[in-house]
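Understanding the architecture of this molecule
These are the residues of each chain, in order.
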Amino acid sequence: MAEKEKLPMGIEDFEEMRTMGYYYVDKTGLIRTLLENPGKVNLFTRPRRFGKTLNMSMLKYFFEIGSNQKIFEGLEISRETELCSRYMGKFPVISISLKDAAADTFAKAKRKLQFMIGNEAVRFSFLLDSGRLNQTERQQYAKLIALGGGGEFSMSDELLENSLLLLSRFLQKHFAQKTVILIDEYDVPLNQAYQAGFYDKMTGFIRALFGQALKTNSSLYVAVLTGCLRISKESIFTGLNNFKVYTVKDVRYKEYFGFSDAEVKQMLEYYGCAGQYEAVKEWYDGYLFGNMHIYCPWDVINYCDDLRDGSVAAPQNYWINTSSNHLIRRFIERADETTKDEMERLMSGQSIQKKIRQELTYQDLDSSLDHLWSILFTTGYLTQRGTGDGPMTGLVIPNKEIQWIFEEQIQEWFADETRKDSQRLVSFCTAFEENDTTAIEKGFTAYLRRTISIRDNYVRKERKENFYHGILLGLFAGMDGWKIKSNAESGEGYSDIRILVEDKEIGIIIECKYAERAALDEKCREALQQIYDKNYEEALLDEGMTVIRRYGIACYKKRCKVVSG
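Fair warning: this is a prediction, and the values are worked out from it, not measured in the lab.

1. Some details on the overall build of the protein
Helices and strands together make up the secondary structure of the protein, namely 23 helices and 17 strands. Seen through its principal axes, the protein has C-alpha atoms that stretch 90 × 55 × 50 Å. Relative to its 565 residues, the protein shows a buried fraction of 56%. A separation of at least 24 residues holds for 73% of the contacts in the protein among residues at least 6 apart in sequence. Summing over all exposed atoms, the protein offers an accessible surface of approximately 23,700 Å²; the carbon and sulfur share of this is 44%. Averaging the locations of the 75 positively and 81 negatively charged side chains of the protein gives two centres separated by 6 Å.

Below, the structure is given as structure tokens:
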């Protein structure tokens with residue numbers, strides 16, 4: 001039996017992908033579409049982890065003089081013999097990624113950019129001896145490579161701003177051929193600059209760098225940029241007339257970033273995981289690029305790998321670890337009552353209508369909640385559904401993975417908010433020790449009214465129960481002297497929440513139920529009966545607790561009922 005190809009966990013170099021035995025989902029049709037729809041400067045905006053960097057590496061290897069052309073054999077683009085004859089391996093290519101250019105000061109960010117550009121310039125060290133460059137040009141090139149080669153030379157602002165322009169001119173003179181420029185994750189330095197407070201300085205620098213390289217550059221054949229956000233043209237792309245932007249709303253290029261349904265089915269079948277198709281679809285599908293449903297490739301690959309080695313059975317959230325998710329947190333913190341209502345509709349699987357602005361500056365983010373809706377859309381936390389109403393776009397949470405991220409961020413925000421009123425929180429928690437069900441019910445209801453709830457449709461019952469379970473855990477987390485266990489084995493099953501108050505020898509057992517159709521009394525009795533039937537108190541008695549408090553709590557939207565026994 002032939003050995004399976006390796007899953008490409010974090011592989012972003014196209015040549016490595018094709019020569020080291022990795023499974024590759026063919027996206028080379030992007031090359032044909034790009035060449036048949038020429039634009040001098042092309043920007044692709046997609047959420048993170050949708051294959052932007054791998055596609056940029058693919059473009060580099062296709063266009064670059066002297067590259068390994070065999071790595072395209074058998075792929076879709078290889079059937080385009082005329083295009084390959086005219087364009088493959090015919091251009092000098094400048095390829096930089098700005099994803100590591102984030103820094104907390106402008107000076108540090110510039111040094112990182114110097115290194116990246118200098119390090120790319122080092123790839124063309126033959127220019128030092130090129131007879132097609134004059135002495136002045138060779139000296140200028142030597143300055144470009146000084147930092148990338150490990151020297152101490154620090155570029156002047158003028159040289160740094162002109163670096164890509166100069167490098168492309170030198171390459172054109174040497175090869176007698178215009179240059180392809182590839183800039184991956186172009187918006188990362190701007191995002192970090194916005195967070196750190198030097199956005200205006202970074203915007204001015206990036207505007208000068210890109211303006212020289214992309215607008216007034218007669219040595220440029222074509223440029224391709226990628227990023228998460230489409231930054232306002234007036235912000236950094238001023239004067240670029242032949243500038244094409246392809247966002248998640250555009251039909252063209254829809255299939256080249258992320259996996260299609262057919263591609264996911266084929267991958268799962270290849271690795272013997274076809275039985276997990278429905279779970280993969282529920283957790284990682286749901287994005288709509290143009291008019292095509294798309295899966296997040298990062299998640300599919302990671303889950304498939306974990307399934308193969310037996311690490312997990314159920315789908316996991318892989319996306320959350322690739323970013324701080326600060327956008328959701330900022331959005332929740334600013335939400336007014338109307339926005340909270342809209343968030344609840346999204347959390348319950350409904351769609352909302354919003355006007356989406358895909359061209360923003362980072363300074364726009366905090367000027368309006370409507371702009372934050374746009375950012376959540378362009379960064380992949382929301383996706384489009386339906387045709388919308390005129391200029392409006394129907395927005396939904398794409399899948400269970402992103403739903404989980406929203407729930408986590410809501411619970412973390414809520415826990416932080418409630419800790420600000422410590423006296424009230426201690427009184428609420430103490431009521432569990434004192435068996436004061438009236439105070440518990442009143443206090444929990446008041447807390448629920450302040451948060452964002454899950455409505456009574458779409459979301460499965462166990463997910464709703466987990467949500468309220470999480471809210472309670474967040475409230476209990478700061479209570480001194482409490483030892484809290486969640487979903488811990490106890491008696492003949494797993495209790496929702498088990499608390500030991502050791503200095504008072506009090507044990508608390510809580511079973512939380514979601515009361516569909518507001519059947520609060522019924523669900524409370526069911527929860528309490530489960531505590532007795534499963535003998536959940538056994539573990540607390542083994543720990544030496546002499547007083548046992550048992551609570552059945554039922555929740556419906558922003559209402560709750562509490563019984564004890």
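Okay, back to it.
2. Comments concerning helix α17 (residues 369–378)
Taking burial as the measure, the 10 residues of α17 include 9 buried ones, the bulk of the element. When we look at burial in α17, the residues that qualify are Leu-369, His-371, Leu-372, Trp-373, Ser-374, Ile-375, Leu-376, Phe-377 and Thr-378. Directly after α17, the chain includes Gly-380, whose backbone phi takes a positive value near 95 degrees.

3. A look at the environment of Asp-13
Positionally, Asp-13 belongs in the segment before α1 (14–19). Separated by 41 residues in the primary sequence, Asp-13 and Leu-54 place their C-alpha atoms 6.0 Å from one another. In this view, Asp-13 contacts Leu-54, Ser-57 and Tyr-61; residues no more than four positions away in its chain are not counted. Side-chain polar atoms of Asp-13 contact the backbone nitrogen of Glu-15, separated by 3.2 Å.

4. A few points about the sheet that holds strand β4 (residues 220–227)
Backbone hydrogen bonds are what pair the strands of a sheet, in a parallel or an antiparallel way. With parallel pairing, 5 strands are arranged side by side in an open sheet as β2-β3-β4-β1-β6. Bordering the open sheet on either side are β2 (93–97) and β6 (243–246), each of which pairs with just one other strand. Taking each pair of neighbouring strands and ignoring which way they run, the sheet shows an average axis angle of 10 degrees. Across the sheet, helix α3 (residues 52–63) is in contact with β1 (41–45), β2, β3 (179–184) and β4; its angle to β3 comes to roughly 165 degrees. Each of β1, β3 and β4 is contacted by helix α10 (residues 199–215), which is oriented at about 140 degrees to β4, the strand it contacts most.

5. Some points on the pairing of strand β16 (residues 547–556)
In terms of residue burial, β16 counts as a mostly covered element, since 8 of its 10 residues are buried. As judged from the 6 bridges shared by β16 and strand β17 (residues 559–564), these two strands associate in the antiparallel manner. Bridge pairing links Ile-553 to Val-562 in β17. Between β16 and β17, which pair antiparallel and follow one another directly, the connecting turn spans 2 residues, one of which, Lys-557, has a positive phi of 55 degrees.

6. Comments concerning the state of the cysteines
Taken as a whole and judged by the stated rule, the model has 0 disulfides. Free cysteine: Cys-512, not disulfide-bonded; nearest cysteine sulfur from Cys-555 at 4.3 Å. Cys-560 provides the cysteine sulfur closest to Cys-524, a residue in no disulfide bond, and the two sulfurs are 8.1 Å apart.

7. Quick notes on the confidence of the model for the protein
Caution is warranted with low-pLDDT regions, since their predicted coordinates should not be read in detail. Per-residue confidence for the protein gives a mean pLDDT of 89; residues scoring 70 or more make up 93%. Across residues 149–153 the pLDDT falls below 50, and counting only partners more than four positions away or on other chains, this stretch makes 7 contacts in the model.

8. Some words on the packing of helix α12 (residues 261–270) against helix α13 (residues 277–284)
Helix-helix packing: each pair is described by the crossing angle between the helix axes and the interaxial distance. Interaxial distance between α12 and α13 falls to 11 Å at its minimum, and their mutual angle equals 135 degrees. Our classification of the angle between α12 and α13 gives oblique. As for the relative orientation of α12 and α13, their crossing is right-handed in sense. Contacts from Asp-261, Val-264, Lys-265 and Leu-268 in α12 reach Tyr-277, Val-280 and Lys-281 in α13.

9. Comments concerning empty space enclosed by the protein
According to the stated counting rule, one finds 2 cavities of 30 Å³ or more in the structure shown. Its volume calculated, the largest cavity comes out at about 50 Å³. Forming the walls of the largest cavity are Leu-229, Arg-230, Ile-231, Gln-358, Leu-360, Thr-361, Tyr-362, Ile-375 and Thr-378. Those elements that provide at least two residues to the lining of the largest cavity are β5 (230–231) and α17. Across the lining of the largest cavity, the residue classes tally to 5 nonpolar, 3 polar and 1 charged. Size it by volume and the second largest cavity reaches roughly 40 Å³.

10. What about the packing of aromatic side chains?
Geometrically, a pair of aromatic rings is defined through the distance of the ring centres and the angle of the planes. Inspection of every chain in the model, using the stated rule, returns 42 aromatic pairs. Ring geometry for Phe-62 against Phe-63: centres 5.2 Å apart, planes inclined by 85 degrees, an arrangement best described as edge-to-face. Judged by its relative accessible area of 1%, Phe-63 is buried. Aromatic pair Tyr-253 and Tyr-256: ring centres 6.3 Å apart, planes at 65 degrees, arrangement edge-to-face.

11. Some remarks on the pairing of strand β9 (residues 352–355)
Within a regular beta strand, the side chains point alternately toward one face of the sheet and then the other, so they alternate between its two faces. Along β9, the buried face is formed by Ile-352 and Lys-354; none of Gln-353 and Lys-355, which line the opposite face, is buried. Sheet topology note: the β9/strand β12 (residues 392–396) ladder contains 4 bridges and is antiparallel. For Lys-354, the partnering residue across the bridge sits in β12 and is Thr-393.

12. Concerning the sheet that holds β12
Across the sheet, 3 strands lie side by side as β9-β12-β11; this open sheet has antiparallel pairing. Of all strands in the sheet, those with a lone pairing partner are β9 and β11 (383–384), marking the two edges. Across the sheet, helix α16 (residues 337–347) lies against β9 and β12, angled at about 125 degrees from β9, the strand it touches most.

13. Re the environment of Val-300
One can find Val-300 in helix α14 (residues 297–309). When near neighbours in sequence (up to four residues on either side) are disregarded, Val-300 contacts Phe-259, Val-264, Met-267, Val-280, Tyr-284 and Tyr-295.

14. Remarks on the side chain of Arg-550
Structurally, Arg-550 can be placed in strand β16. A polar contact is formed between the side chain of Arg-550 and the side chain of Glu-537, at a distance of 2.6 Å. Looking at Arg-550, its side chain comes within polar contact range of the main-chain oxygen of Gly-565, at 3.1 Å. Among residues more than four places away in sequence, those in contact with Arg-550 are Ile-509, Leu-528, Ile-531, Tyr-532, Glu-537, Val-563, Ser-564 and Gly-565.

15. Some words on unusual backbone geometry
In this structure, Ala-176 takes a positive phi of about 55 degrees despite not being glycine. Mapping Ala-176 onto the fold places it in the loop between α8 (163–175) and β3.

Rules used throughout
- Throughout this description, residue numbers start from 1 for each chain and increase along the sequence as written.
- At least 70 in pLDDT is required for a residue's local features to be given in this predicted model, at least 80 for side-chain atom pairs to be given and counted, and no such filter applies to totals for whole chains, interfaces and linings, which use all residues.
- Working from all heavy atoms in the structure, the side-chain values ignore hydrogens and water.
- Each helix is a run of H or I in the DSSP string that is no shorter than four residues. Each strand is a run of E no shorter than two, and both are numbered from the N terminus.
- Any residue under 20% of the maximum accessible area for its type is buried, any over 50% is exposed, and the rest in between are partly exposed; the area is computed with a 1.4 Å probe on protein chains only.
- Working rule for contacts: check all heavy atoms of both residues, and any pair within 4.5 Å makes them a contact.
- Values of accessible area rely on a 1.4 Å probe in the Shrake-Rupley scheme; residue burial ignores everything except the protein chains shown.
- Positive residues here are Lys and Arg, negative ones are Asp and Glu, while His and the chain termini are left out of the count.
- To locate a charge, the coordinates of NZ of Lys, CZ of Arg, CG of Asp or CD of Glu are taken.
- Pairing of N or O atoms within 3.5 Å defines a polar contact, subject to two protein rules: one partner must be a possible hydrogen donor and the other a possible acceptor, and residues neighboring in sequence count only if both atoms are side-chain atoms.
- Two strands pair under a simple rule: DSSP has to find at least two bridges between them.
- Helix axes are fitted to C-alpha atoms over the stretch in contact, other axes to C-alpha atoms as well, and angles between N-to-C directions run from 0 to 180 degrees.
- Cysteine sulfur atoms are paired as a disulfide whenever they fall within 2.5 Å.
- By definition, pLDDT measures how confident the predictor is in each residue, and it falls between 0 and 100.
- Convention used here: angles under 35 degrees read as roughly parallel, angles over 145 as roughly antiparallel, angles from 65 to 115 as roughly perpendicular, and any remaining angle as oblique.
- Throughout, a crossing is termed right-handed when the near helix is turned clockwise from the far one, and left-handed when it is turned anticlockwise from it by less than a right angle.
- Whether a set of points on the 1 Å grid over the protein atoms alone is a cavity depends on a 1.4 Å probe fitting there but being unable to get out, while an open set qualifies as a pocket with protein on both sides within 12 Å along at least five of seven lines; lining residues are those with an atom within 4 Å of a point.
- Grid points are joined across faces, edges and corners, and a volume is the space filled by probe spheres set on the points.
- Residue polarity is assigned by list, with Asp, Glu, Lys and Arg as charged and Ala, Val, Leu, Ile, Met, Phe, Trp, Tyr, Cys and Pro as nonpolar; anything else, Gly included, falls into the polar class.
- Two rings from Phe, Tyr or Trp (for Trp, the six-membered ring) form a pair when their centres are within 6.5 Å of each other. A pair whose planes differ by under 30 degrees is stacked, one over 60 is edge-to-face, and the rest are tilted.

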